Every structure is written in C-alpha cells, then in structure tokens.
Amino acid sequence: MRIRYKVWIEKEGETLLSYGKYLILKEVEKTGSIRKAAQNLKIPYKKAHSYIKLTEERFGKKLFIRKKGMGTVLTDEGKKLLQTYERILEKFEGTLKELEEGFKKPEDG
C-alpha cells in the first residue's frame with residue numbers, strides 16, 4: 001500500500017506555489033535561465049514564464065531579478081518562498097514514512 005499526497009501553498013484562496021511551479025523555480029535558480037529551465041523540464045517557455053509571472057503576481061513580490069551577465073537570479077524573497085516550500089515537503093515526507101511504517105503488514109517486510 002502506498003500513501004500519496006499533493007502539497008501547495010495558497011494565498012487568499014489561490015494557489016501560490018505547487019510542486020510543478022516549485023520545480024520550475026528551482027530549475028531557473030539552477031540554470032539562471034527561464035528558457036533553459038523550460039527546456040530541461042520539457043515544458044514550453046511560455047508556460048514556464050507565465051507560471052513565474054502568475055506566482056509573482058499572487059505573491060506580491062518579485063521572485064527573480066535579471067542581472068546582466070549573470071542571468072536570472074532568485075531574490076531574497078524568492079529564496080525564502082522556496083525554502084518554506086522545501087521545509088513543508090520535508091515534513092510531509094517524514095510524516096509519510098511514519099504512516100507507511102505504521103500500516104505495513106508483517107508480510108510486507
């Protein structure tokens with residue numbers, strides 16, 4: 001038996017950050033480019049860009065700044081948002097492991 005879950009952060013009843021958007025933000029942080037991030041994640045550039053823009057609008061703060069010669073860089077607020085989401089995911093993963101261990105049958109090992 002497997003337990004599944006989805007985690008997202010809402011602001012005023014609207015999705016602020018879901019796992020898919022989190023992956024886009026992490027990939028942009030890693031590559032320094034929305035275009036490269038979209039390519040790596042195999043999604044259209046327009047979709048990645050619109051997700052970032054929507055998240056910034058709902059968050060009310062810029063997540064990235066574009067620096068000449070450095071590419072696209074996370075702002076401090078963007079870093080905090082990603083760190084918050086990562087802490088939430090870690091807590092869910094820990095809880096999931098505990099629950100799965102509690103539901104294991106003796107023959108499941």
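Keep in mind it's a predicted model, so treat the numbers as computed, not measured. (Residues numbered from 1 in each chain as written. Predicted model: local features only at pLDDT ≥ 70, side-chain atom pairs only at ≥ 80, totals over all residues. Heavy atoms only, no water.)

Caption draft 1: Inspection of the pattern of salt bridges at higher detail. With the rule as written, the count across this model stands at 7 salt bridges. The salt bridge involving Arg58 is made with Glu14; its shortest N-O contact spans 3.8 Å. In this pair, Arg58 is assigned in helix H3 (residues 45-59) and Glu14 in strand S2 (residues 14-17), connecting sequence segments 44 residues apart. Lys62 serves as the salt-bridge partner of Glu56, at 3.7 Å between the closest nitrogen and oxygen. Salt bridges here are not isolated pairs; linked through shared partners, they connect Lys26, Glu29 and Glu86. (Salt bridge = Lys/Arg side-chain N within 4 Å of Asp/Glu carboxyl O. Helix = DSSP H or I, 4+ residues; strand = E, 2+ residues; numbered from the N terminus.)

Caption draft 2: Structural context of the packing of helix H2 (residues 34-41) against H3. Relative orientation of the contacting elements H2 and H3 amounts to 120°, with a least axis distance of 8 Å. Seen along the crossing, H2 lies across H3 with a hand that is right-handed. Contacts between H2 and H3 involve Ile34, Arg35 and Ala38 on the former and, on the latter, Tyr45, Ala48, His49 and Ile52. For the contact of H2 with H3, a count of residues per class yields 5 nonpolar, 1 polar and 1 charged. (Axes fitted to C-alpha atoms, helices over the stretch in contact; angles between N-to-C directions. Left-handed = near helix turned anticlockwise from the far one by under 90°. Contact = heavy atoms within 4.5 Å. Nonpolar A, V, L, I, M, F, W, Y, C, P; charged D, E, K, R; others polar.)

Caption draft 3: Inspection of the pairing of S2 at higher detail. Pairing of strand S1 (residues 9-11) with S2 involves 3 bridges; the strand directions are antiparallel. Residue pairing across strands places Glu10 opposite Thr15, the latter belonging to S2. Counting the residues between successive antiparallel strands, the hairpin from S1 to S2 contains 2 residues, one of them, Glu12, with a positive phi of roughly 55°. (Pairing = 2+ DSSP bridges.)

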